Amino acid sequence: MSVVSDRLPTFPWDKLEPYKKTAAAHPDGIVDLSVGTPVDPVPELVQKALIDAADSPGYPTVWGTPALRDAICGWLERRLGAREVTHRHVLPVVGSKELVAWLPTQLGLGPGDRVAYPRLAYPTYEVGARLARAAYETYDDPRDLDAAGLKLLWLNSPSNPTGQVLGKEELTEIVAWARAHGVLVVSDECYLELGWEADPVSVLHPDVNGGSYDGIVAVHSLSKRSNLAGYRAAFIAGDPAVLGPLLEIRKHGGMMTSAPTQAAVVAALGDDAHVHEQRARYAARREALRSALLSHGFRIEHSEASLYLWATRDEPCWTTVAHLADLGILVAPGDFYGPAGDTFVRVALTATDERVQSAVSRLR
């Protein structure tokens, strides 16, 4: 087993345990803003769809029901402005983290191949490359990369952890560059519906891809927009020449979204009202925490979208983590996301209104 596990870095969240204990000792209890896990209820219509599909004794299909594929296609066109999306362009996955971790392996990448991802990024991009034994590197601008041997280019807009959004013109140029060099673009867009001071655009939009899905795949999740992190519900969309072989591989691997979850996703993608309600909750929490952090001497960079505030006091990130833990507030250190984050912390908006107000009071 160590042959595989030795390829992986230390699981970063384990390093937070001592600070979590400090924060938990606060007289008013911990305010955990370290992990972006939803805390609000699953929408009732989604729960009902799950319950109604609970009697599902047979195996689900990896490709999902026709109703699920219809729902994904409809959402892509309605919400992202994608055009002429068919069932061949979509594939359900068992949560987006599973997809990110195993995509390089499922693409057949290995020694001699290269994977690139943003300098500040979700750690699982690196994990995926390590599992496949492929080389990996980070970038500020992917167009500055050496394209030789580069097989997979991860984009992440809106960014986790920074909330930075790539504009339509920049995305268009990156897609054109990648196509010119034969590099597959996979765009992690899981926070796309959470734009605050920017309106995120998908690589699936025709203004970005010129009306063709060749060489591009987008990753989407229902964890944040619909509070379905516990359901493990996500999907990818894009180039059928990529998704077709992935479907066959995932069939052999039994990587199936459960039948009740598939029914729940159909309900969630067909309803926009609950998304607007959840956005309003996060917007209020974001404003309260942003104001409190600024008053406490923090500077906030980017954060124009997503579920986080990227904050700094221009000191080592673990010093900031310790300071906030003394106030009973737990945040994620920026170096979890790369050395470039070593003076920042990531503050999640995913706490109840009561806990957010408690954090605001302590900061002020």
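Right above here is the structure, for reference.
Worth saying up front: this structure is predicted, and the values here are computed from it rather than measured. (Residues numbered from 1 in each chain as written. Predicted model: local features only at pLDDT ≥ 70, side-chain atom pairs only at ≥ 80, totals over all residues. Heavy atoms only, no water.)

## A short note on the sheet that holds strand S13 (residues 344-348)
Then, number 1: Spatially, the four strands line up as an open sheet ordered S9-S10-S13-S12, and their pairing is antiparallel. Only two strands of the sheet have a single neighbouring strand rather than two, namely strand S9 (299-301) and strand S12 (332-333).
Then, number 2: As defined by bridge partners, strand S10 (residues 308-312) adjoins S13 across five bridges and the pair is classed as antiparallel. Note on S13: the bridge partner recorded for Thr-312 is Phe-344.
Then, number 3: Packing of helix H11 (residues 273-295) onto the sheet brings it into contact with S9, S10 and S13, and relative to S10 it is tilted by some 5°. (Pairing = 2+ DSSP bridges. Helix = DSSP H or I, 4+ residues; strand = E, 2+ residues; numbered from the N terminus. Contact = heavy atoms within 4.5 Å. Axes fitted to C-alpha atoms, helices over the stretch in contact; angles between N-to-C directions.)

## A closer look at the pairing of S13
Then, number 1: Counting buried residues along S13, five of its five residues qualify, which places the element largely inside the surrounding structure.
Then, number 2: Neither face of S13 is left uncovered, since the one carrying Phe-344, Arg-346 and Ala-348 and the one carrying Val-345 and Val-347 both have all their residues buried.
Then, number 3: Examined bridge by bridge, S12 and S13 share two bridges and lie antiparallel to one another. Among the inter-strand pairings, Ala-332 is bridged to a residue of S13, identified as Arg-346. (Buried < 20%, exposed > 50% of the residue type's maximum accessible area, 1.4 Å probe, protein only.)

## Digging into the pairing of strand S7 (residues 216-221)
Then, number 1: Across the six residues that make up S7, a large majority, six, are buried.
Then, number 2: Burial along S7 is two-sided: Ile-216, Ala-218 and His-220 facing one way and Val-217, Val-219 and Ser-221 facing the other are all buried.
Then, number 3: Summarising the sheet, S7 and strand S8 (residues 234-238) pair through five bridges and their orientation is antiparallel. If you follow His-220 over to S8, its bridge partner there is Phe-235.

## Observations concerning the pattern of salt bridges
Then, number 1: Per the stated rule, a full pass over the model turns up 23 salt bridges.
Then, number 2: Here Asp-28 makes a salt bridge to Arg-355, at a shortest N to O gap of 3.3 Å. Pair noted here: Asp-28 is in the loop between helix H2 (17-24) and strand S1 (31-32) and Arg-355 is in helix H13 (residues 353-363), with a separation of 327 residues, a long-range link.
Then, number 3: Of the charged contacts in the structure, one is a salt bridge between Asp-140 and Arg-119, with a shortest N-O distance of 3.0 Å. (Salt bridge = Lys/Arg side-chain N within 4 Å of Asp/Glu carboxyl O.)

## Examining the sheet that holds strand S3 (residues 114-118)
Then, number 1: As summarised here, the arrangement of the seven strands in space is S2-S8-S7-S6-S5-S3-S4, forming an open sheet in which the pairing is mixed. Edge positions in the sheet fall to strand S2 (90-93) and strand S4 (135-139), since each of these pairs with one other strand and no more. Each strand of the sheet is rotated relative to its neighbour by a mean of 20°, with strand direction disregarded.
Then, number 2: With five bridges joining them, S3 and S4 adopt parallel strand pairing. Directly across from Val-115, in S4, lies its bridge partner Tyr-136.
Then, number 3: Contacts from helix H7 (residues 168-180) reach strand S5 (150-156), strand S6 (184-188) and S7, with the element oriented near 170° to S5.
Then, number 4: Helix H9 (residues 240-253) rests against S2, S6, S7 and S8 of the sheet, and its axis sits at about 40° to S2.

That is the geometry; function is a separate question.
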